[in-house]
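Coordinates in review
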Amino acid sequence: MASTYKCARCKQKVEIDVNVRCPYCGHRILFKERGAAIKELKAR
Amino acid sequence: MIPVRCFTCGKPISTAWEEYKARREKGEDPKKILDDLNISRYCCRRMLLTHKEIIDELNPYQ
Amino acid sequence: MEIEFASLDDSLARFTLSGASTAFANAIRRAMIGEVPTLAIEDVRIYDNTSALFDEMLAHRLGLIPIKTDLATYTTQDKCSCGGAGCPGCTSTYTLSVEGPKTVTSSDLIPQDPNAAPVYENIPIVKLTKGQKLVIEARAILNTGRTHAKWQPTLVCGYKNYPVITVSDACDACGNCVDECPRDILEVKGKQVVVADGKLPECSLCRLCERACLASGIGDEPAIKISAEKDRFIFVVESDGSLPAKEIMNRALTYIREQADELEKQLGELSGDDRK
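Structure report, in brief. (Residues numbered from 1 in each chain as written. Chains lettered and ligands numbered in written order. Predicted model: local features only at pLDDT ≥ 70, side-chain atom pairs only at ≥ 80, totals over all residues. Heavy atoms only, no water.)

**Digging into the overall build of chain B**
Note the threshold: Numbering of helices and strands starts at the N terminus; helices are DSSP runs of H or I of at least 4 residues and strands are runs of E of at least 2. Note on classification: 1.4 Å probe, protein chains only; a residue is buried when its accessible area is under 20% of the maximum for its type, exposed when over 50%, partly exposed between these limits. Pairs of residues are marked as contacts when any of their non-hydrogen atoms sit within 4.5 Å. All accessible areas in this document rest on Shrake-Rupley with a 1.4 Å probe, and a residue is counted as covered only by the protein chains that are shown. Asp and Glu count as negative and Lys and Arg as positive, but His and the ends of the chain are not part of the count. For this purpose, a charge sits on NZ of Lys, CZ of Arg, CG of Asp or CD of Glu.
Along the backbone of chain B there are four helices and zero strands. Listing every helix and strand of chain B by position from the N terminus yields α-α-α-α. Taking the principal axes of its C-alpha atoms as reference, chain B extends roughly 40 × 30 × 15 Å. In chain B, which comprises 62 residues, the proportion classed as buried is 48%. By sequence separation, contacts in chain B at least 24 residues apart represent 51% of the contacts at least 6 residues apart. Entry remark: accessible area of chain B is about 3600 Å², with carbon and sulfur atoms responsible for 54%. Each charge class in chain B was averaged separately, 12 positive and 10 negative side chains, and the resulting centres sit 6 Å apart.

**Observations regarding the pattern of salt bridges**
For clarity, the cut-off: Every case where a carboxyl oxygen of Asp or Glu lies within 4 Å of a side-chain nitrogen of Lys or Arg is listed as a salt bridge.
According to the stated counting rule, one finds 25 salt bridges over all chains in the structure shown. Taking the shortest distance from any N to any O, the salt bridge between Asp 43 of chain C and Lys 42 of chain A comes out at 3.1 Å. Note that Asp 43 of chain C is positioned in strand S3 (residues 38–49) and Lys 42 of chain A in strand S4 (residues 39–42), a pairing that runs across two chains. Exposure remark for Asp 43 of chain C: the relative accessible area of 18% places this residue in the buried category. Between Glu 19 of chain B and Arg 23 of chain B there is a salt bridge; the shortest N-O distance is 2.9 Å. Residue Glu 19 of chain B and its partner Arg 23 of chain B are located together in helix H1 (residues 17–25), separated by four residues, close to a single helical turn. Taking the relative accessible area as the measure of exposure, Arg 23 of chain B reaches 15% and is therefore buried.

**Structural notes on a negative patch on the surface**
Residue and element names in this part refer to chain C. Where we set the bar: Grouping into patches uses exposed residues only, defined as over 30% relative accessible area, and leaves out salt-bridged ones; the cut-off is 9 Å for like charges and 5 Å for nonpolar side chains (Val, Leu, Ile, Met, Phe, Trp, Tyr).
There is a patch of like negative charges on the surface, built from Glu 258, Asp 261, Glu 262 and Glu 269. When you line up the elements, Glu 269 lands in helix H5 (residues 245–271). Residue Glu 269 is classed as exposed on the basis of its relative accessible area of 56%.

**Some points on the sheet that holds strand S1 (residues 4–7) of chain A**
Residue and element names in this part refer to chain A. As a reminder, the rule being used: Criterion used throughout: strands pair if DSSP finds at least two bridges between them. To obtain each axis, a line is fitted to C-alpha atoms, and for helices this fit is confined to the stretch in contact; angles are then taken between N-to-C directions over 0 to 180 degrees.
If you walk across this open sheet you meet the three strands as S2-S1-S3, and the pairing is antiparallel. Each edge of the open sheet is held by one strand with a lone partner, namely strand S2 (13–15) and strand S3 (30–32). Direction aside, the axes of adjacent strands within the sheet are offset by 45° on average. For S1 and S3, the ladder comprises three bridges, and the chain directions are antiparallel. The partner of Tyr 5 across the bridge, within S3, is Lys 32.

Put into structure tokens, the structure is as follows:
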């Protein structure tokens, strides 16, 4: 399943299929969104 | 962010950071501030003296 | 064996230990650093983190926060009745839920047990701007400095031999050694160099005074001689605030006794001696 990304310029949600490019504004820098899962870590 | 503890001896020095920064910006001599804050060892002193806060520069990039 | 305190409060202890071997002095030092348990955050559950710092970095920062430790209420996980699963007897939980703009500090960590709160309220964890959010749950457990330095109760913890300074009759009170001494221990009194009042324990045994004396052209032997008392030690113990310095010492000495008893028992079993 494709994960969701966020465009760095227009902040819209983007799905990546073939090109790494925002379909709304054409910007090529995307941020990967944080998953919903709870992260468990060791504090070391 | 300022490290929580001194790398060398483990003294929690981050508690002194806000006061150190405020007083240094007023132009006070860092030596005097550190002496006032009871940071006596040179390992702890360098933690504050050489720290550069960059969190405000990182924050715009979510 | 004797312990004499030069100063003692919750955060710092200075004392001289006399009539002990170097091995024993070092055993005390190692026990104080590595065998006295304290609380420190070990497990972190991150529900949400939109701050500029990575989850791992936040967890590491949380782990380094000193926590007030009451050793009467907490036990280490391997000795706990719950078998290490995590119960109020061996773990202390904290919740943190902050929305920016704000600097998250250790006072935002809400402890389940108010007696196990962070020592300092103003340790900055991360600075949040508008819209950033941090929701964390943390668990602190009791462990020793041997496992990880975050469980060390001590900051500075060390010893040195008690210095002995002898000035022979050859001294001509030239004062070169007085100028050379980095800790201003010596002074000229009359026609001889003497140790200033109460300054002797501060000598670092650097022997710069011996060299200055030789350089003044006194001959092949310096008139001032620095040596050390082999069975007397000056200790400095500084606490990070999680435990009072006195309790650190008490626990360390109890630990050494337990270990010694255990060794005796084991040796007794080996040799078939049933004195025990």
